[in-house]
Amino acid sequence: MKNREDSMKLYAQQILTSTGWQSDKTLVIANGTITEIVDGCLESAEIADGPVIPGMVNCHSHAFQRAFAGMSEQGSEGQDSFWTWRKVMYGFLAQITPEQAQIIATELYIEMLKAGYTSVGEFHYLHHQSSGENYSQLSEMSECIFVAAQTSGIALTHLPVLYRYSGFGAQEPTDGQRRFINDADSFNRLVSDCIDLSKKYPQSRVGMAPHSLRATNLQLLNDTVGYLKSLDENAPIHIHIAEQQQEVNDCLAVLGKRPVQWLYDNQTVDKHWCLIHATHLTVTERQTLARSGAVAGICPTTEANLGDGIFPTTEYLAEGGALAIGSDSHISINPIEELRWLEYVQRLIKQQRAILATAQQPSVGANLWQRAALGGAQSLGRNAGELAIGKKADLLVLDQEKIELFASSQQHLLDSFIFASQQNQVKDVMVAGRWVVQNYQHKAQQSSAVSYKLVLKNLTASL
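Just so it is clear, the structure is predicted and the values come from calculations on it, not from any experiment. (Residues numbered from 1 in each chain as written. Predicted model: local features only at pLDDT ≥ 70, side-chain atom pairs only at ≥ 80, totals over all residues. Heavy atoms only, no water.)

A count of helical and extended segments in the protein gives 15 helices and 17 strands. For the protein, the C-alpha radius of gyration of 21 Å lies close to 23 Å, the compact-globule estimate for 463 residues. Principal-axis analysis of the C-alpha atoms places the extent of the protein at approximately 65 × 50 × 45 Å. When the 463 residues of the protein are sorted by exposure, 59% land in the buried category. Taking as baseline every contact in the protein between residues at least 6 positions apart, the subset at least 24 positions apart corresponds to 74%. Summing over all exposed atoms, the protein offers an accessible surface of approximately 18000 Å²; the carbon and sulfur share of this is 47%. Side chains of the protein carry 36 positive and 48 negative charges; the gap between the two charge centres is 1 Å. (Helix = DSSP H or I, 4+ residues; strand = E, 2+ residues; numbered from the N terminus. Rg over C-alpha atoms; globule rule 2.2 N^0.38 Å. Buried < 20%, exposed > 50% of the residue type's maximum accessible area, 1.4 Å probe, protein only. Contact = heavy atoms within 4.5 Å. Areas by Shrake-Rupley, 256 points an atom, 1.4 Å probe, with all protein chains shown as cover. Lys, Arg positive; Asp, Glu negative; His and termini not counted. Charge placed at Lys NZ, Arg CZ, Asp CG, Glu CD.)

Right under this line is the structure:
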């Protein structure tokens, strides 16, 4: 298969479109967008070697944490938790240079593409030097992320993180947080700089991410959200919220309300917002989130790894809520595993099977893949998430030979893909009409791996 900058045609015997599975179709793609879906195989069309499905969206990533994966499983202080994990993480990130951050992110994004993610929301809070001083260019660390996305070919929604305090009640930052810290003025300058960067790098856009309610306050939120919206009224806004029970307790103690309740009472939360984790919700909060049109950004493998808790997915989806998945800390970089965990924890809680299906879509695999892709695209402000006319041509070609080792009728194909196979079946990956993975290979994977291994060796040697 060859890339063509302006237009191409792709034929597939099976294709999962916005209206369901269709057979014997050709996608006509121009300038990265699907312009037609026609019957039969058009002349000069490239032939997909297996079923074609929408690419998955990774709504939540901390790229530098890829190099930290596997280093926090020893246990510490007798009773390990999210908070002890965070101490270890702070010690690790204190030494990362911009060059190392770019190498780590490039390796991560190649791994994401090969696993089936075609776009990523980078929740980026590593802004400054290890001393806390600004780089000569405020957006230096952010530009490393843009370059990594461009090198890999993944679509990027960059989300610079607003982080000012260490805890509720405007507690001053700790030494481990000094690389994160901005006031409203410096943060707004950073956002403007990142928007300028996005104009240089194709398939990128910019939003923002208040880190959490404990790291900000109402005035900061108003000053920065208002500024972003003055530049782009449709910009995505992501926030960590109600991830840990301690966060809920602290919020109640200082602000007098639970985190999600306080957010909805003090901000206009709509379809442009993505609430990351939102693990600990009351029924009222869950229903409010579903009604608002905002997206719940669920990261099952990280939430399990950190012992966060379980999002009430069954009830939330029944109430019409939108969801997305993210790999967060990158303890796993596999959308199949995220979706499998999403379903399996519901089965364990309810002691039932095939929980996250509907009467309209009885296939759990198809229901989860389509919902997560669409919700993820919404969360990143990207015109993607399904294969339909007018949408970005972000797609995957599955390996026909591997698919045929399992139940492979259209009825069961995505169920087998998610629940039965333990091998990677993502053979080819396209982002905005350009092939970035072909026959399981990315053109930069070998050079990236060599550079990444050296960075990892240098970082771990000093721990």
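Our next topic: the pattern of salt bridges. Applying the stated criterion to the full structure yields 15 salt bridges. For Asp232, the salt bridge is made with Arg205, and the minimal N-O distance between the two is 2.6 Å. Highlighted residues: Asp232 in the loop between helix 5 (218-231) and strand 11 (237-241) and Arg205 in strand 9 (residues 204-206), separated in sequence by 27 residues. Relative accessible area serves as the criterion here: at 22%, Asp232 is assigned to the partly exposed category. A relative accessible area of 22% places Arg205 in the partly exposed class. (Salt bridge = Lys/Arg side-chain N within 4 Å of Asp/Glu carboxyl O.)

With respect to the element layout, Thr224 can be found in helix 5. Of the polar contacts made by the side chain of Thr224, one reaches the backbone oxygen of Leu220; its length is 2.7 Å. The residues contacting Thr224, other than those within four sequence positions of it, are Leu162, Ala184, Phe187, Asn188 and Met208. (Polar contact = N/O pair within 3.5 Å; in protein donor to acceptor, adjacent residues only side chain to side chain.)

What follows covers the packing of aromatic side chains. Aromatic rings in a pair are described by how distant their centres are and how their planes are angled relative to each other. One pass over the full model with this rule turns up seven aromatic pairs. The structure contains a cluster of three or more aromatic residues connected by ring pairs, namely Phe64, Tyr125, Tyr163 and Phe180. The ring of Phe419 carries the charged tip of Arg347 above its face, separated from the ring centre by 5.5 Å. (Phe/Tyr/Trp six-rings, centres within 6.5 Å; stacked < 30°, edge-to-face > 60°. Lys NZ or Arg CZ within 6 Å of the ring centre and 35° of its normal.)

At a minimum axis separation of 8 Å, helix 2 (residues 98-115) and helix 3 (residues 140-152) run at an interaxial angle of 35 degrees. Two packed elements cross with a definite hand, and for helix 2 against helix 3 that hand is right-handed. Packed against helix 2, whose contacting residues are Pro98, Ala101, Gln102, Ala105, Thr106, Tyr109, Ile110 and Leu113, the element helix 3 presents Glu140, Met141, Cys144, Ile145, Val147, Ala148, Ala149, Thr151 and Ser152 at the interface. Class assignment for the residues of the contact of helix 2 with helix 3 results in twelve nonpolar, four polar and one charged. (Axes fitted to C-alpha atoms, helices over the stretch in contact; angles between N-to-C directions. Left-handed = near helix turned anticlockwise from the far one by under 90°. Nonpolar A, V, L, I, M, F, W, Y, C, P; charged D, E, K, R; others polar.)

To continue, consider the layout of surface pockets. Of the pockets and cavities examined, the largest pocket occupies roughly 500 Å³. In terms of lining residues, the largest pocket is bounded by 32 residues, among which Gln150, Gly153, Arg434, Trp435 and Val436 are the most central. Sorting the residues of the lining of the largest pocket by element identifies strand 1 (7-17), helix 3 and strand 17 (434-437) as the ones contributing at least two each. A total of five residues in the lining of the largest pocket trace back to one element, the largest contributor, which is helix 3. A breakdown of the residues in the lining of the largest pocket according to their chemical character gives 13 nonpolar, 14 polar and five charged. Approximately 320 Å³ is the volume found for the second largest pocket. Trp21, Gln361, Ser363, Ala366 and Gln370 are, among the 20 residues lining the second largest pocket, the residues nearest its centre. Listed by contribution, the elements that provide at least two residues to the lining of the second largest pocket are strand 1, strand 2 (20-30) and helix 12 (364-380). Residue contributions to the lining of the second largest pocket peak at four residues, all from helix 12. Taken together, the residues of the lining of the second largest pocket break down into seven nonpolar, eleven polar and two charged. (1 Å grid on protein atoms, 1.4 Å probe; cavity = no way out; pocket = protein on both sides within 12 Å on 5 of 7 lines; lining within 4 Å. Points joined across faces, edges and corners; volume = space filled by probe spheres on them.)

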